[in-house]
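Descriptive analysis of the structure
Chain by chain, the residues run as shown.
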Amino acid sequence: MADKLRNSTRRLNYYLRIWLVMNKNAFMMVLAQKKVLVIFLTGKIIRFAFYIAFLFFLVKGAGSLAGYNSTQAIFFFLSFLIIDTTSQFLFREVYRFRSYVVNGDFDLILAKPVSPLFRVLLGGADVIDLITLPPLFFATIYVGGLLSPSLAEVCIYLLLLVSGFLITTAFHIIVISFGIITLEVDHTIMIYRDLSSMGRFPIDIYKEPLKSILTYFIPVALMMSFPAKGLMGLVGPLGIIISVGISVAALIISLRFWEYALKQYTSASS
Amino acid sequence: MNKYLQVFKISFQQEFAYRISFIMWRVRNILQIFVVFFLWDTIFYFQGRELFGYDREKILTYVFGLIFVKAFVLSSRAQDVSGEISRGEIINHLLKPISYFKYWLTRDLSSKVLNLVFAAGEFSFLYIILKPPFYFQSNPLYIVVFLVSICAAILTYFLLLFIVDSIPFWAPEMGWGGHFLVTVILVEFLSGSLFPLDILPITIQNVLNFTPFPYLIFFPLQVYLGKITGILLFKGLVISFAWILVMWYLMKRIWEKGLKAYQAYGR
């Protein structure tokens, strides 16, 4: 038992070291082009400010959005951003995956003594998103504080955030698996982003059957809306169990699909 | 003229070379319309509610109008120009007996025709499943001015793209960055393609009205809905055409300077 634990810790350290090296390189590549970094950072900040202003003026004028006031609506948006930006920060390499398969470079990844999934999923973190994450966390904590949640509600919020993050991880694994089979990644990932952006607003704005589809079939609601609802005390024990259950199931299915896709890889481009 | 007709035909056929890519892009448009539709449908859920100067019929017409106006105005091939500059490929075109500007304008129009055909299909599909109330403009004057403002918007967007495309003349690595800032961020928010601009405070609206962005999407749709009349309609058209002249002049100057500074990296 102790040996197993020691081995796991050693393996975890091994992957952590690789992650640090890979992402140090990725950061240095971006930091070498400071003007580009400034432009993208400015763009992201402007977009964030525009969305917050839009939501504020919209809910101020309308009185409420699907029963939520402006603070709550902004909190939904911030929670969406936490999941979205964190996943973009960690999984940016997915956007480059197609070229690995098309150029045959994926063979080189498969030949290395590292999990290929780890390499293509986490191999190129985005420094621009890393810069935007701390202010985003502070904004979320500040706006969340205005909703006066209890300690239990904060814990539920964090649990549902983790659950949402597992679902977004599963989506990214499915996208790269599709990439191996169909060579199509760029549009698939953008469609995922369009689908996930439906969670930018409370899921209650959608009518049935779309609302159920977005909750259980393409679990955008569980990923983006449930955490914020959890903080507002609007998710019961059954909702928490469903959310965690679906996120774990999604991750298992995506890993199986990845294994299947790997078996379909023909190395035709190399 | 015939050579541009050939460019139009080839460009039209080229769009079909990447069919999945094109279809995926249109699917993305439908998803984006879904979000905007349900957002406004929720806000105008109660019958008879009037907000920001809209009733349910007019706001949902605005949302559905976005499908057509975006297909007309924002579908464009000219955004590929910056890539041609940064890769040095523009040299091939400059040596040919064809106007580079007209070449891309023709390719843009070809793309718009194709997108319009698909937009009509998407409109019908969404209309059948969402069954929104729709406002039909019956005044021929507004319909004519709406079409004129669409033409002005197409030219404005094309000139805007050509100005942004010129960045790689001086900084080849910044082509996509410039597009991200202008077409993805500023145009998306300030043109009215995400929300009608009249939800913003009047001071902000007044400032925005002197920029070219509202004349891309918001102004044409306001004209169609009959929300802009009389002197304001005239003023909007004047500003819109003034921007075309200003941007035409700027584009020419920038490209003259850009071509002189250009070192054709990659060739």
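Small disclaimer: the values here were computed from a predicted structure and weren't measured.

Here we look at the overall build of chain A
Secondary structure summary: chain A contains 12 helices and 0 strands in total. Along chain A, helices and strands appear, N-terminal first, in the series α-α-α-α-α-α-α-α-α-α-α-α. Taken over the C-alpha trace, chain A has a radius of gyration of 20 Å; the compact-globule value for 270 residues is 18 Å, and the two agree within 12%. The buried share among the 270 residues of chain A stands at 36%. Long-range pairs, those at least 24 residues apart, make up 78% of the contacts in chain A with a sequence separation of at least 6.

Side note on the overall build of chain B
What chain B contains, in helices and strands, is 11 helices and 0 strands. For 267 residues, the compact-globule estimate of 2.2 N^0.38 gives 18 Å, and the C-alpha radius of gyration of chain B, at 20 Å, lies within 12% of that figure. Counting only residues that meet the buried cut, chain B has 38% of its 267 residues in that class. Intrachain contacts of chain B at a sequence separation of at least 6 include 81% that bridge at least 24 residues.

Section: the interface of chain A and chain B
With 29 residues of chain A in contact, the opposing surface of chain B contributes 27 residues. Of all the secondary-structure elements, those providing two or more residues to the side of chain A that touches chain B are α2 (34-62) and α9 (186-196) of chain A. For the side of chain A that touches chain B, the element with the highest residue contribution is α2 of chain A, accounting for 14 residues.

Side note on the packing of helix α2 (residues 19-43) of chain B against helix α3 (residues 56-73) of chain B
All names here are of chain B. It is at 9 Å that the axes of α2 and α3 come closest, and there the two elements cross at 175 degrees. As far as their axial angle goes, α3 and α2 are roughly antiparallel. The residues of α3 that touch α2, namely those facing I33, V36, F37, W40 and D41, are I59, L60, V63, L66 and I67. Residues belonging to the contact of α2 with α3 are distributed by class as follows: 9 nonpolar, no polar and 1 charged.

Considerations on helix α11 (residues 230-261) of chain B
All names here are of chain B. Look at α11: 47 Å from first C-alpha to last across 32 residues, which is about the 46 Å you get at 1.5 Å a residue. Among all positions in α11, only G236, S240, W243, M247 and M251 are buried. Against the buried residues of α11 lie α7 (140-165) and α10 (218-224).

Concerning the nonpolar core
Residues I176 of chain A together with V73 and Y157 of chain B are the most contacted members of the largest nonpolar core, which totals 123 residues. Residue contributions to this core peak at 13 residues, all from α7 of chain B. Beyond its immediate sequence surroundings of up to four residues, V73 of chain B is in contact with I150, A153, I154, Y157, L216 and I217 of chain B.

Structural notes on the confidence of the model for chain B
All names here are of chain B. Confidence in the prediction of chain B, expressed as mean pLDDT, is 88, and 98% of residues score 70 or more. At the level of individual helices and strands, chain B shows its lowest average pLDDT in α2, which scores 81, and its highest in α10, which scores 95. With pTM at 0.85, the complex prediction returns an ipTM value of 0.83.

Quick notes on the packing of helix α3 (residues 70-91) of chain A against helix α8 (residues 151-182) of chain A
Axis angle and axis distance: for two packed helices, these are the angle between their axes and the distance between the axes, and together they describe the pair. Residue and element names in this part refer to chain A. Between α3 and α8, the least distance of the axes is 10 Å, while the angle of their chain directions is 45 degrees. Judged on the interaxial angle alone, α8 and α3 are oblique. Two packed elements cross with a definite hand, and for α3 against α8 that hand is right-handed. Only L161, G164, F165, T168 and H172 of α8 make contact with α3, whose side of the interface consists of I82, I83, T86, S87 and F91. For the contact of α3 with α8, a count of residues per class yields 5 nonpolar, 5 polar and no charged.

Thoughts on the environment of M28 of chain A
Residues and elements named next belong to chain A. If you trace the backbone, M28 turns up in helix α1 (residues 2-31). Its 10 C-beta neighbours within 10 Å are what place M28 among the exposed residues. Taking the C-alpha atoms as reference, M28 lies 32 Å from Y142; in sequence the two are 114 residues apart.

Points about α3 of chain A
Compared with an ideal rise of 1.5 Å per residue, which puts 22 residues at 32 Å, α3 of chain A spans 31 Å between its outermost C-alpha atoms and is within 8% of the ideal. Within α3 of chain A, 17 of the 22 residues are buried, which leaves the element mostly enclosed by the surrounding structure.

Considering unusual backbone geometry
Between E208 of chain A and P209 of chain A the backbone carries a cis peptide bond, its omega angle lying at 5 degrees. With respect to the helices and strands, the residue P209 of chain A is situated in the loop between α9 and α10 (210-217). The phi angle at S148 of chain A is positive, at roughly 45 degrees, despite the residue not being glycine. Among the secondary structure elements, S148 of chain A is positioned in the loop between α7 (127-146) and α8. Even without a glycine there, the phi angle at F52 of chain B is positive, about 50 degrees. Relative to the elements of secondary structure, F52 of chain B occurs in the loop between α2 and α3.

Parameters at a glance
Residues numbered from 1 in each chain as written. Chains lettered and ligands numbered in written order. Predicted model: local features only at pLDDT ≥ 70, side-chain atom pairs only at ≥ 80, totals over all residues. Helix = DSSP H or I, 4+ residues; strand = E, 2+ residues; numbered from the N terminus. Rg over C-alpha atoms; globule rule 2.2 N^0.38 Å. Buried ≥ 20, exposed ≤ 12 C-beta atoms within 10 Å, placed from the backbone. Contact = placed C-beta atoms within 7 Å. Axes fitted to C-alpha atoms, helices over the stretch in contact; angles between N-to-C directions. Parallel < 35°, antiparallel > 145°, perpendicular 65-115°, else oblique. Nonpolar A, V, L, I, M, F, W, Y, C, P; charged D, E, K, R; others polar. Expected span 1.5 Å × (residues − 1). Core = buried A, V, L, I, M, F, W, Y, C linked by C-beta atoms within 7 Å. pLDDT = per-residue confidence, 0-100. Left-handed = near helix turned anticlockwise from the far one by under 90°.

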